[in-house]
Structure formats: C-alpha cells, structure tokens
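Okay, here's what each chain looks like letter by letter:
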Amino acid sequence: MDLYQEIILEHSKRPVRAGLREPYEAQVHHVNPTCGDEITLRVHVKAGGAGEPELADISYDAAGCSISVASTSILAEELTGTSVAHARRAIASMRTMLTSKGDDPGDEDLIGDGVALAGVSKYPARVKCALLGWMALTDALHQTEGVRL
Amino acid sequence: MAATPFTAEESARIRADFPILTRTVRDGRPLVYLDSGATSHKPRQVLDAERAFYERTNAAVHRGAHQLSEEGTDAYEAARATIAAFIGAAPEEIVFTRNATEAINLVAYAFSNSTAGGGGGRGERFLLGPGDEVLVTEMEHHANLIPWQEVCRRTGATLRWVPTTAQGTLDLSGLDDLLTERTKVFAFTHVSNVLGTLNPVRDLMARAHRVGALVVLDACQSVPHLPVDVHDLGVDFLAFSGHKMLGPLGIGVLWGRPELLDEMPVFLTGGSMIATVTMEGATYAPVPQKFEAGVPVAAQAVGLAAACDYLTALGLDRVHAHESMLASRLLAGLRSRPWVRVLGDPDATERGGAVAFVVDGVHAHDVGQVLDNAGVAVRVGHHCAWPLHRALQAQATTRASFAAYSTPAEVDALLAALDTVPQIFGTHGAA
C-alpha cells in the first residue's frame, strides 16, 4: 500500500525525539475524537540568530496510529532547531499537501520527510491523523507568542 | 426446533435484494461490508416503499384536507402500527424521532423539563434534584451516557454507573449499592455495540422496579438482530434507530409505557404537536403526536415499516441464528491467531453480532486501513463508547458487525486480509 512507506513505518516504530522534556514555554494536549488518539506536545523557544525566535526543542508524548505517530516524529525531526517562522511555513505546507486530495506532492524543502505522507491526502478519514501533531504545534506556537525569550 | 442460519441459497436470495452489495470498492474489489452495527444497508423493498410514497402520496401528513394528505396520513399511521407490532407494542405507544439518540434525549429531557415546570404532562415521576440519582453503565454508547450526564448537570442529580468486568460484562457485584431508593432512572444497553454482550435485562429491570426506578433500554443493537417484545422485557422505555435495521436514515423510535408517555412534558415544540394555541400559551395533542413536532417523517416511517416486514419475513430468530453463526466463525478464527486479542466475554453462549478486537502492536486505524484496501469495511476507533474502551484498556479497537445479508465467506475474507497486517507492520509473523 502506498500509504505505508518504509520511512513512515520506521518513524512510527521509533519516533524521533519522543518523550516530554524540560524546559518548555508551552504545552498543549490534542485529541482526535473519532479514534481517541492523543498527543501532549511541548515547545521550548529561544532567541536564535538575528533575534529570530527559534524552536530549541519539540518534545511529545503521543498515542495513536502509525500515521499520526510517524507524522509527529517527522515534525520533531524536521522542525527542531529551525526558526519559528520556518516552522509556520512548514505547517502551512503540510496542511496544504494533506488536504490536496492527492494533487500536491509536498514541498521537500519545507517539510523534508513529510512528503512521504502525501499519500494520506487520498484518504480523507486519515488526514486528521496526519495533522494531529502539526495542529498541536500550531497551538503551542500560538501560546508562545509574547513570551520573553 | 432451534432456528438455523440461512443456507447458501437463501443468503444469495437475500443479498440479491440489496443493490449496494454488488458494487466494488478500492480498485474493483468486491465490497465486504462488516459494519452493519454502524449502519445497515437497505433492501430494494425499503427503497421501493420510500420511493412509492414520494411518487404517489407525498404530502404533509396530519395537515390539510386534500386526498394526498389523507393518503399520506394513512400511510404514516399504518407504518406506525407495523413498527409497533414488530416490538409487540400498540401504535399509540411509539413516538417517531430522528434517531435513537433523539429518543433517549426525549426521555432525558422529560426529567429536566418536568423539574423546570415544563408543560404537557404532570410528570411527578420525572422530577429530579440534588439527592436523586441516575444510573447508567460503563458499557454505554455515548448516546445513552451524555444525555444523562447533561440531565444531571441541569437538575443537580448525581450520575452513577455500573462498572464492567475485564471480560466486558456488567460487574453487578455492587449493584445493591448503586441501585437504591435514590435511583430515579436506570438506563442501560440491551446489547453492547462494541462487545456484543447481551445484558440480563429482565433481572436488571426487576431490581430497578423494586426500588421504583424507571428503566430506559437502548435497543439499537437488539431490535435489528433478535426477537424483541417490549412487554416481555418489562422495561419502561426502549429506543432504537431505523437505519441500523435495514430501514432509512432519519428515523428513530421511542417506545414508552403509555401512562408514562402521558405524564411526560413536551420535548421539541412547534407545529403538529399542539391542541390549541394562543399568544400566551398552548395545550398539547395526545401521545404520540405531542412528541412529534414539525412535519412528520412519513416517507422514513413507510420505509422503516417495509424494513420491519422484510425482517419479519426472514424471521428474527433466523436472523439471530445466522449472525450468531457468523460471530462464532469470526471468534474462532481470531482465537487461532495469537497476535489478536478479542474484547468481551469469551464464554458467552448468547451474544449479539458485534466482535471487537485488537491486533498486537498495530493501531486499529491501521488495521482498518489494510482491511479497507482489501475491500473489507469495518469500524475502527472507540465506536462511541470511549469509557468502555478505557475500562478495557484499549485505546481503539477494530469491530466487525453483521446483518442478515452477511456471509461466512465475508468472515473468511476479513480473516485473510487480517493476516497481511503483521507482515505490513513487521510485528508478529502470521500463521
């Protein structure tokens, strides 16, 4: 099945940067009410180069299907250490790809291995699974706005 | 003589009545539909009945003096009589709702509306307040849980629940402490929509009545699948949905003991349910009209009556025998796969047709996706019974459920597709 590429199965079995860590400025808890999947996600932001806020750490505790766990693992791998501005662009790109019904293969420059999830967009029932971690990150970044770095 | 499952010839004839069963899914694979517990398919007889109503009789029933309205009203009330007889009731004892969820809400609101002084009934048995208790079970579908959580919130009554055992049966060891003089209503399911557990209705009903509690039975997973007679069960209220029993979407049924329905205040209000109206207030029509606000769901009622006739012609005892045979076949297949954990009572001799299971190391959503890719439609998730899943320590499960048109070959197709799951996810080696 095109949905379960090796890279997705690998991320789902050994999720990158999993576990909840200190320090953090925001913590969110998101659920997928149709299946009961849950994620707790923390972000640690600090001032990076040129004073731009940077995502110093993304840590999480996720229980869910292979698609949702792999997607969150890819998120943590691709966005840890990047600027918050880049992370927002990546989230937008991921969202566009996943809701494209198969038309958008994804922007590898922005979401890296996230393009492996492009096949999910052909299965509307699974889009929420793949977006769970990314929506949690959106929410967490929103909470860090105005935090003194 | 005990009822027997349908023969292969009978099965083929039944399946020929269901147009949707001939379609293919996912690149031309035959549809293997094992999600009838969520919603069932509709035979041509039901579709024809609904279509005939729209083509020949369509009218706003119980309104207007023209011929179509008269014929529409006759069709609607004849459907009510058929559906009532299907559960051993009198026509005026059943109320049409949008679905079973609305039927249960209707009863729940009778309590809070009585307490708040709502019109349309004296309702003394329906008063709830601090110190009173509402009893449910941990096995309930959200439709028979959340309405009671909310009625407790609105009235100050306390919600209590019967826990489940690790086998997925009700843990009745503490029932004497849970079901007391304080209990005003005991709402529980006849058959679990997740586990297929058949609850001991008569025993629970007798114990509830000893303390004066009213009994509300969620019959969504029993009325479509086995013979149900409301007077035989002895409950006070019973709710079920049309679309789960080969009938149309958009219609549900509440059966209630007539003296109770009479005492209950009105729920949804507006046209059709009134006796007289002034600018200051209104008086209400007798039961069942007082609970059927708005233009009635006549075509759906006609379709549901056709579904009742269809099931009656098949014989509910044979439908039950057939679905039990399918559940046994599936359970035997699942038990021979050590990487599958079946939820529910493994020793149950009598059960409903839902079978829920977990595949070691693979989330139910992923199991469902692989099955779907093979054309096998099942339900995955918590099946609107999140607390039950929590109690059984399952985040999500895969559920197969049956109807009269399901076949042994479909059970085998599910098992064959299931065997590819451990390979795809690199978990256990399949046998």
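Owing to the predicted nature of the structure, the values given are computational and were not obtained by experimental measurement. (Residues numbered from 1 in each chain as written. Chains lettered and ligands numbered in written order. Predicted model: local features only at pLDDT ≥ 70, side-chain atom pairs only at ≥ 80, totals over all residues. Heavy atoms only, no water.)

## A word on the overall build of chain B
Part 1: Secondary structure assignment for chain B yields 15 helices and 17 strands.
Part 2: Its C-alpha radius of gyration of 22 Å places chain B within 12% of the 22 Å reference for a compact globule of 431 residues.
Part 3: Along the three orthogonal principal directions, the C-alpha set of chain B runs to about 75 × 55 × 40 Å.
Part 4: Within chain B, the fraction of its 431 residues that count as buried is 58%.
Part 5: Approximately 16800 Å² of chain B is accessible, and the part contributed by carbon and sulfur atoms is 53%.
Part 6: Positive and negative side-chain charges in chain B, numbering 34 and 47 respectively, have mean positions lying 4 Å apart. (Helix = DSSP H or I, 4+ residues; strand = E, 2+ residues; numbered from the N terminus. Rg over C-alpha atoms; globule rule 2.2 N^0.38 Å. Buried < 20%, exposed > 50% of the residue type's maximum accessible area, 1.4 Å probe, protein only. Areas by Shrake-Rupley, 256 points an atom, 1.4 Å probe, with all protein chains shown as cover. Lys, Arg positive; Asp, Glu negative; His and termini not counted. Charge placed at Lys NZ, Arg CZ, Asp CG, Glu CD.)

## Re the packing of helix H3 (residues 67-86) of chain B against helix H10 (residues 298-314) of chain B
All names here are of chain B.
Part 1: At a minimum axis separation of 8 Å, H3 and H10 run at an interaxial angle of 35 degrees. For the element pair H3 and H10, the recorded crossing hand is left-handed. Between H3 and H10, the residues in contact are Ala75, Tyr76, Ala79, Thr82, Ile83 and Phe86 and Ala298, Ala301, Val302, Leu304, Ala305, Cys308, Asp309, Leu311 and Thr312, respectively. (Axes fitted to C-alpha atoms, helices over the stretch in contact; angles between N-to-C directions. Left-handed = near helix turned anticlockwise from the far one by under 90°. Contact = heavy atoms within 4.5 Å.)

## Some remarks on the side chain of A:Ser93
Residue and element names in this part refer to chain A.
Part 1: Looking at the element boundaries, Ser93 is found in helix H3 (residues 84-98).
Part 2: For Ser93, a relative accessible area of 12% puts it in the buried group.
Part 3: In this structure Ser93 touches Asp107, Leu110 and Ile111, once residues within four positions along its chain are discounted.

## As for the sheet that holds strand S4 (residues 94-97) of chain B
Residue and element names in this part refer to chain B.
Part 1: Strand order in the open sheet formed by 7 strands is S4-S10-S9-S8-S7-S5-S6, and the pairing between neighbours is mixed. Looking along the sheet, the strands with just one partner apiece sit at the ends: S4 and strand S6 (158-162). If you compare each strand with its neighbour and ignore which way they point, the axes differ by 20 degrees on average.
Part 2: Pairing analysis gives 5 bridges linking strand S7 (residues 183-189) to strand S8 (residues 214-218), with the strands arranged parallel. Within S8, the position partnered with Thr189 by the bridge is Asp218. (Pairing = 2+ DSSP bridges.)

## Considering the pairing of S8(B)
Residues and elements named next belong to chain B.
Part 1: Of all 5 residues in S8, 5 are buried, a share of seventy percent or more.
Part 2: Residues of S8 alternate between two faces, with Leu214, Val216 and Asp218 on one and Val215 and Leu217 on the opposite face, all of them buried.
Part 3: Each parallel crossover has a hand, and for S7 linked through helix H7 (residues 201-210) to S8 it is right-handed.
Part 4: With 3 bridges connecting them, S8 and strand S9 (residues 237-241) associate as parallel partners. Counterpart to Leu217 in the pairing with S9 is Leu238. (Right-handed = clockwise from strand over helix to strand, strands pointing away.)

## Comments concerning the nonpolar core
Residue and element names in this part refer to chain B.
Part 1: Ranked by size, the top nonpolar core spans 78 residues in total, and within it Ile83, Ile87, Ile94, Val223, Val235 and Leu238 carry the most contacts.
Part 2: Considering each element in turn, this core owes the most residues, 12 residues, to H10.
Part 3: Sequence-distant contacts of Val235, defined by excluding residues within four places in its chain, comprise Val201, Met205, Val215, Leu217, Val230, Trp255 and Arg257. (Core = buried A, V, L, I, M, F, W, Y, C linked by side-chain atoms within 4.5 Å.)

## Notes on the pattern of salt bridges
Part 1: Taken as a whole, this structure holds 23 salt bridges over all chains when the rule is applied.
Part 2: Across the pair A:Glu10 and A:Arg14 runs a salt bridge whose closest N-O atoms are separated by 2.8 Å.
Part 3: Under the relative-accessibility criterion, A:Glu10 is labelled partly exposed at 35%.
Part 4: The salt bridge involving B:Arg399 is made with B:Asp35; its shortest N-O contact spans 3.5 Å. Taken together, the residues B:Arg399 in strand S17 (residues 397-401) and B:Asp35 in the loop between strand S3 (32-33) and helix H2 (44-57) connect sequence positions 364 residues apart. As far as burial versus exposure is concerned, B:Arg399 and B:Asp35 are alike and both buried.
Part 5: Each of A:Arg17, A:Arg21 and A:Asp57 takes part in salt bridges that share partners, so that together they form one network. (Salt bridge = Lys/Arg side-chain N within 4 Å of Asp/Glu carboxyl O.)

## Considering the pairing of strand S5 (residues 133-137) of chain B
Residue and element names in this part refer to chain B.
Part 1: Of all the 5 residues making up S5, 5 are buried; the element is thus mostly covered by neighbouring parts of the structure.
Part 2: Once the chain exits S5 it traverses helix H5 (residues 146-155) before rejoining the sheet at S6, and the crossover so formed is right-handed.
Part 3: Direction of pairing for S5 relative to S7: parallel, over a ladder of 3 bridges. Bridged to Glu133 within S7 is Thr183.

## A word on the packing of aromatic side chains
Part 1: By the definition in use, this model includes 10 aromatic pairs over all chains.
Part 2: The aromatic ring of B:Tyr109 is capped on one face by B:Arg154, whose charged end is 3.9 Å from the ring centroid. (Phe/Tyr/Trp six-rings, centres within 6.5 Å; stacked < 30°, edge-to-face > 60°. Lys NZ or Arg CZ within 6 Å of the ring centre and 35° of its normal.)

## Some words on the interface of chain A and chain B
Part 1: Taken together, the contacts link 19 residues of chain A with 15 residues of chain B.
Part 2: Counting the surface lost from both chain A and chain B, the interface buries some 1500 Å², and carbon and sulfur atoms represent 56% of this.
Part 3: For the pair chain A and chain B, the number of links is 1 salt bridge.
Part 4: Among the ionic pairs, A:Arg126 bridges to B:Asp366, the shortest N-O distance being 3.0 Å. (Buried area = accessible area lost by both parts, 1.4 Å probe.)

## Details of the sheet that holds strand S16 (residues 379-381) of chain B
Residue and element names in this part refer to chain B.
Part 1: An order of S13-S14-S17-S16 is seen for the 4 strands of this open sheet, with the pairing classed as antiparallel. The open sheet has two edge strands, strand S13 (340-342) and S16, and neither has a second partner. Neighbour to neighbour, the strand axes of the sheet diverge by 30 degrees on average, direction disregarded.

## A short note on the confidence of the model for chain B
Part 1: When the pLDDT values of chain B are averaged, the result is 95; 99% of them are 70 or greater.
Part 2: What the predictor reports for the complex is a pTM of 0.93 with an ipTM of 0.89. (pLDDT = per-residue confidence, 0-100.)

## Focus on the side chain of A:Arg126
Part 1: Residue placement: A:Arg126 occurs in helix H5 (residues 124-144).
Part 2: Among the polar contacts made by the side chain of A:Arg126, one reaches the side chain of B:Asp366 at a distance of 3.0 Å.
Part 3: Filtering out sequence-adjacent residues up to four positions away, A:Arg126 remains in contact with A:Leu3, A:Tyr4, A:Cys65, A:Ile67, A:Val120, B:His365, B:Asp366 and B:Gln369. (Polar contact = N/O pair within 3.5 Å; in protein donor to acceptor, adjacent residues only side chain to side chain.)

## Observations concerning helix H12 (residues 364-373) of chain B
Part 1: Of all the 10 residues making up H12(B), 8 are buried; the element is thus mostly covered by neighbouring parts of the structure.
Part 2: A positive phi of about 85 degrees marks B:Gly375, the residue just after H12(B).

## Notes on the packing of helix H4 (residues 100-115) of chain B against H5(B)
Residue and element names in this part refer to chain B.
Part 1: Close contact between H4 and H5 brings their axes to 9 Å; oriented N to C, the two are set at 5 degrees. Judged on the interaxial angle alone, H5 and H4 are roughly parallel. Contact residues: H4 offers Ile104, Asn105, Val107, Ala108, Tyr109, Phe111, Ser112 and Thr115, while H5 offers Pro147, Trp148, Val151, Arg154 and Thr155.
Part 2: Its residues assigned to classes, the contact of H4 with H5 shows 8 nonpolar, 4 polar and 1 charged. (Parallel < 35°, antiparallel > 145°, perpendicular 65-115°, else oblique. Nonpolar A, V, L, I, M, F, W, Y, C, P; charged D, E, K, R; others polar.)

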